[in-house]
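Structural overview for review
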Amino acid sequence: MLVSPTPMRFALLPVCLTLACATSATRPTDAVDANGFTDSAKSAAVGIRPEAIAGHIRFLADDLLAGRDPGTHGYDVAARYVASELQAVGVQPAGENGTYFQKVPFVRATPAIGSLEVTGGTGAPVSFVRGENLVVFTDLDKGVIDVSGDLVFAGHGIAVPEYGYDDFAQVDVKDKVVVILAGAPRSERPDFFPSLASAVYGQSERVASDLTRRGARAIIWVWPPAKEALTPFTRLASHYGFDAMRLEDRPPLAPGLMISSDAFDALLKQSGRTETVADLVAASASGKPKGFEMRLKARVRKESKIRHITSENVVGLLPGDPASPTGKEMIVYGAHLDHMGIGKPVDGDNIYNGASDDAAGVASLLETAQAFTRLGHPPKRGILFVFVTAEERGLLGSEYFARHPTVSLKDVVADIDVDGAYPVHPLKDVVALGTDESSLGGDVARAAAALGLKVSPDPEPEENYFVRSDNFNFVKKGIPAAQTFNGLAGLTPEQVTAERAFWRKRYHQPQDNFEPDRDWEPFAQLTRFNFLLGVSIAQAPARPTWNANSWFRRFPEPARPGEPD
Amino acid sequence: MPRPTARAFLLLLPFLVSGVATAAPVSGKGPDGIAPGAADAAAGIRPDAVSAHIRFLADDLLEGRAPGERGFDIAAAYVASQLQGMGLEPAGDNGTWFQSLTFRGGKLKDAKLEVGTPGGAATALVRERDFLARGSLSSGIFEVTAPVVYVGYGIVAPEFHWDDLAGVDLKGKIALVFSGAPLGTSADFFPPIPSAVYGSPRHKLETLMARGVAGVLWVQTSAREKIFTFTQMASNAGRGWMTLVENGQVAARDSLPQAILSMPGMDALLAAAGRPERIADLYAAAERREHAPFALGARVHLHAEATLRTVHTANVVGLWRAAAGSPVAGEAVAYTAHLDHLGIGKPEAGDSIYNGASDNAAGVANVLEIARAFTRLPQRPQRAVLFALVSGEEEGLLGSEWLVAHPPVRRDGLVADVNCDSGLPVFHFHEVVALGADQSTLQDDAQRAAAALELTLGPDPDPKQASAVRSDQYSFLKAGIPATATKVGFGGATEQDRAAAAAYQKTHYHRAADHWEADRDHGPAAGLARFQFLFGLAAAQRAERPRLLPDSFFQPRSGS
């Protein structure tokens, strides 16, 4: 168990910072402990210092970087910073053409006007007001949209044969404006949309691409009551003031909007139906979804300013030991370098600095990289560091990397994603999302035990963050993944309250600033955990595997029609 | 004058006395003779790390790091983050990493210079051909009409038996003076350093303003034309100029009307005033100590208008504390390198960003890796070490001037400066140079550091340049603090090495092409950093406070 982080720093071999130099320097006695870690691994972990992490976050979250928005000067400065840091510690370039960079082509659009009009029916006509009961998704395909059509309701807009569920059994969506409930049904049963499957099948881009393929003219999503309880519609709406982005090679999607539950209830009345949103949600949840013509006509108009931009993923590799049979394999550490940029002012501040989201993750990776160079020998598997762009715009940088990898993806055996981690109290436990689905759970247990940390379950399983984060793009390629962050174990009720308040104030707000007075030791400890987790995976003889009964064994899925693979 | 052996033992004394002696053996030779663990710490300075800093600081995204621009601010934030990451302590204002500086910047809008004789018509000189002017940095406007008196170089240097102003009444007059100072070969006739100091505008203005001048007309000389032509000056004038602001005020000299005359401009002035002399005669006489001052019998009207702006910038300062209990823990050895460069300027081959990879991202990179090396020593040094990445060097050593006037340590605590601003070493050198170290006991420390790395300590390769007073170390020397500028020498260098260095200088110095180069070998840069590290460490470890030699030109003197 490692308890004292600082005094060891002078014991480190200062000269052998690069692997090339270190290969010849074998320690005379490198004892292995009960968790499988050598003394050199533990001393490399202890060398992870809070002030080093603070230094990175300070820079990346500086106002000068203007919230690291992809396609802007601030993001590019952050990317150069990371490249320089990788070079300085001896991590090799692993992007395109021998550089640290992978250029990712994007379409970016600034929202302008947008409206929804619904006519017909017997009840009072519903008026839609942006920000109150309507969100107009920024168009990324044409720039000017004016489509009309008959309105149909089609459940969640999905069909999953393995659960005997089909929202299209009763309606044809071709050439219609389709109203659907956001998300997918969910149950506690393994044979009907268990939580993870629900999150995956309900993903908006997946649903939109299906509906587009079925010929829908436009899609109107309904923010269901269950989601309203987690995130109020008006708060959701405030996120749509930012530019939208897509990967350049994404096929076009039918234009989308979102309306509140209340607005849909009113629309149902206007059409003369007797059901409420709650009834329709219940019907889908029971496995007998409803679908019907609403006998209303809808007109969707919107405009946006579209441009083509490039932003870069930053990629570096510490090669594995060439003498090791697994030397060509790699584990990936990922964090996202982008944040939201400049937006609506809150308390006089309009720079969304993203200190915790995800400057902290980037800092953690950089210090993890440095720790690997202190091991004294190359690891048995290579360590790839992937800093992705445009996470905040829909996990786009990681999607691009997974689809256009700069390394051989079949050699990537695991992904560790560091996002959403920002301990503000002494660290007693860690959470490693997704690792109960794979052999990575064992590595998590070993790394935690070495540091005297507990492993806690997902505190918010209903949010399904594991399939809503960059790591999911690796999971979709069949690669076991972990998303690591701090838990709340050992905190007093007051500390838990304080922690929640802290997040409310900062999450996706301009107040997510670097805090010079914060104690960074808890975050250093989390980084030590991330490092040892990687060491455990990298040094193990066997490649990580999904558990025999894991739902994720279905991946990689074959590419579906109309989708890039 | 190397004194190698006995010193090793003397260096141990502070450890023994203060009770922080290490168990590790200290050998007299090599870096560990300077401080235990110094060999490992020095060897840990890696070319990759140096290169990576330069890569970032010289990126186009930093737009040439001009003071007041976002590129400089990003560079400053970068340096602060690096120092914090290493575990240094912030030494700036209010517990931050930054010493805030305010500069006043000026850009010329309009200027005219007319020569009037009693009863005759006024003759206007032509701007940018005959003269260049600036505006007042307090009001923006220079406006003066006054008689003109020619006073040669305008230098008063008693120790060289030199007085250009003897018997001249300058009160209310415009002084007409040659720029610079004579440069002789003998000790009694302006050796390089006194020549540079007495020849500096700042020094002359102090002398002339004490005599009550109403303005100064500087005259370009053929010697200066060889270094920086009037045409170059004219084409650079668009960048404007800057000065320090303290308590809302600029120095009085920044409000004194001034203009620079080209050599033809001087002749035009003399002709318009109806004088028979021409610049060639006057210059030759001044060089031969034969000059005689005279009143031109003409009045000059100078009007110049500038737009002014306020520039906010900062020095970045971090401290590595001395060993607890060290008797000299309150003293600090400073490392300096300037973080600023020229910014965005006139395009050269389609490139308008003056990246300053060698000037002085390279020096900053070295200072950062030197700081890291200090943190790798098993014991803290006897003196504290201050790492200062300063602003406004290119504008006239402004940041270092402020640093010395407002030291972030005890008032008399700054005891020495090792400045790192010598470009990027581009060949594997065998010799190092410590400019200005011969003015102080720093020469011994330089010698020890060089010997520890089996390098020779060579002489200034081009003394005529007076490089010892041409970068930030001069701000320290002026204040009587031992200081040095470190660079590589050519002892043991091949013709190829010399040619490579000359070619690099020609294509990079103050050029838009001064980029970070991916395929450049940064081994020599790291090698220079190792020397700089051991040099400063030796100064930090020695028992006695570094001091100027009794006969140093920089010893405080009356009347200078």
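Residues numbered from 1 in each chain as written. Chains lettered and ligands numbered in written order. Predicted model: local features only at pLDDT ≥ 70, side-chain atom pairs only at ≥ 80, totals over all residues.

**Some words on the overall build of chain B**
From N to C terminus, chain B includes 16 helices and 20 strands. For 560 residues, the compact-globule formula gives about 24 Å, and the C-alpha radius of gyration of chain B, at 24 Å, lands near that figure. Taken along its principal axes, the extent of the C-alpha atoms in chain B is 90 × 50 × 50 Å. The buried share among the 560 residues of chain B stands at 55%. For chain B, contacts bridging at least 24 residues in sequence account for 82% of all contacts bridging at least 6. (Helix = DSSP H or I, 4+ residues; strand = E, 2+ residues; numbered from the N terminus. Rg over C-alpha atoms; globule rule 2.2 N^0.38 Å. Buried ≥ 20, exposed ≤ 12 C-beta atoms within 10 Å, placed from the backbone. Contact = placed C-beta atoms within 7 Å.)

**A closer look at the overall build of chain A**
Helix and strand content of chain A: 16 helices and 19 strands. On C-alpha atoms alone, chain A measures out to a radius of gyration of 24 Å, which is about the 24 Å that the 2.2 N^0.38 rule sets for 565 residues. Relative to its full complement of 565 residues, chain A shows a buried share of 54%. Across chain A, every contact between residues at least 6 apart in sequence was considered, and the portion connecting residues at least 24 apart equals 84%.

**Things to note about the pairing of strand 7 (residues 177–181) of chain A**
Residue and element names in this part refer to chain A. Most of strand 7 is tucked away, with five of its five residues classed as buried. Neither face of strand 7 is open: one carries V177, V179 and L181, the other V178 and I180, and all of them are buried. Sheet topology note: the strand 4 (residues 144–154)/strand 7 ladder contains three bridges and is parallel. Within strand 7, the residue paired with V152 across the bridge is V178. Note that strand 7 and strand 8 (residues 218–223) share five bridges and pair parallel. Bridge pairing in strand 8 links I180 to W221. (Pairing = 2+ DSSP bridges.)

**Quick look at helix 4 (residues 70–86) of chain B**
Residues and elements named next belong to chain B. In this model, helix 4 (17 residues) spans 24 Å end to end at C-alpha, consistent with the 24 Å of a helix rising 1.5 Å per residue. Extensive coverage of helix 4 is indicated by the burial of 16 of its 17 residues. Backbone geometry just downstream of helix 4 places G87 in the positive-phi region, at approximately 95°. (Expected span 1.5 Å × (residues − 1).)

**A short note on the packing of helix 3 (residues 50–60) of chain A against helix 4 of chain B**
Interaxial distance between helix 3 of chain A and helix 4 of chain B falls to 7 Å at its minimum, and their mutual angle equals 170°. When the interaxial angle is binned, helix 3 of chain A and helix 4 of chain B end up roughly antiparallel. The two elements helix 3 of chain A and helix 4 of chain B meet at a crossing, and its hand is right-handed. In contact with E51, A52, A54, G55, H56, R58 and F59 of chain A of helix 3 of chain A, helix 4 of chain B contributes A77, Y78, A80, S81, Q82, Q84 and G85 of chain B. (Axes fitted to C-alpha atoms, helices over the stretch in contact; angles between N-to-C directions. Parallel < 35°, antiparallel > 145°, perpendicular 65-115°, else oblique. Left-handed = near helix turned anticlockwise from the far one by under 90°.)

**Here we look at the environment of V415 of chain B**
Residue and element names in this part refer to chain B. Topologically, V415 is positioned in strand 17 (residues 414–419). V415 sits in the buried class, given 25 other C-beta atoms within 10 Å. In this structure the C-alpha to C-alpha distance between V415 and R545, which are 130 residues apart in sequence, comes to 6.8 Å. Beyond its immediate stretch of four places on either side in the chain, V415 contacts E331, A332, V333, R383, I481, R545 and P546.

**Digging into unusual backbone geometry**
Cis peptide bonds are those with omega within 30 degrees of zero, and the linkage from F555 of chain A to P556 of chain A qualifies with 0°. By secondary structure assignment, the location of P556 of chain A is in the segment after helix 16 (521–539). Along the chain, D359 of chain B connects to N360 of chain B via a cis peptide bond; the corresponding omega equals 10°. With respect to the helices and strands, N360 of chain B occurs in helix 11 (residues 357–376). Despite not being glycine, D175 of chain A has its phi angle at roughly 65°, a positive value. Looking at where D175 of chain A falls in the secondary structure, it is placed in the loop between strand 6 (165–166) and strand 7.

**Points about the interface of chain A and chain B**
With 23 residues of chain A in contact, the opposing surface of chain B contributes 27 residues. At the level of secondary structure, the elements contributing two or more residues to the side of chain A that touches chain B comprise helix 3 and helix 4 (73–89) of chain A. Take the side of chain A that touches chain B: its biggest share by element is eight residues, from helix 4 of chain A. Grouping the constituent residues of the side of chain A that touches chain B by class yields 11 nonpolar, six polar and six charged. (Nonpolar A, V, L, I, M, F, W, Y, C, P; charged D, E, K, R; others polar.)

**Describing the pairing of strand 10 (residues 256–260) of chain A**
Residue and element names in this part refer to chain A. Among the five residues of strand 10, five are classified as buried, and the element is accordingly described as predominantly covered. In this structure, strand 3 (residues 134–136) lies alongside strand 10, joined through three bridges in antiparallel fashion. Each residue of the ladder has a partner; that of V135, found in strand 10, is M258. Two strands pair when backbone bridges link them, and strand 8 and strand 10 are joined in this way by five bridges, in the parallel orientation. Paired with V222 across the bridge in strand 10 is I259.

**Overview of helix 15 (residues 493–506) of chain A**
Residues and elements named next belong to chain A. Between its first and last C-alpha atoms helix 15 spans 20 Å; for 14 residues at 1.5 Å apiece the expected length is 20 Å, and the two agree. Counting buried positions over the 14 residues of helix 15 gives zero, only a small fraction of the element. Immediately downstream of helix 15, the backbone of H508 shows phi near 55°, a positive value.

**Focus on the confidence of the model for chain B**
Residue and element names in this part refer to chain B. The predicted model of chain B averages 91 in pLDDT, with 94% of residues at 70 or higher. In this model residues 1–27 is a low-confidence stretch, pLDDT under 50, and it forms 40 contacts with partners more than four residues away in sequence or in other chains. Prediction confidence for the complex, expressed as pTM and ipTM, is 0.90 and 0.88 respectively. (pLDDT = per-residue confidence, 0-100.)

**Observations regarding the environment of F490 of chain B**
One can find F490 of chain B in the loop between strand 20 (483–489) and helix 15 (495–508). Sequence separation of F490 of chain B and R547 of chain B is 57 residues, and the distance between their C-alpha atoms is 28 Å.

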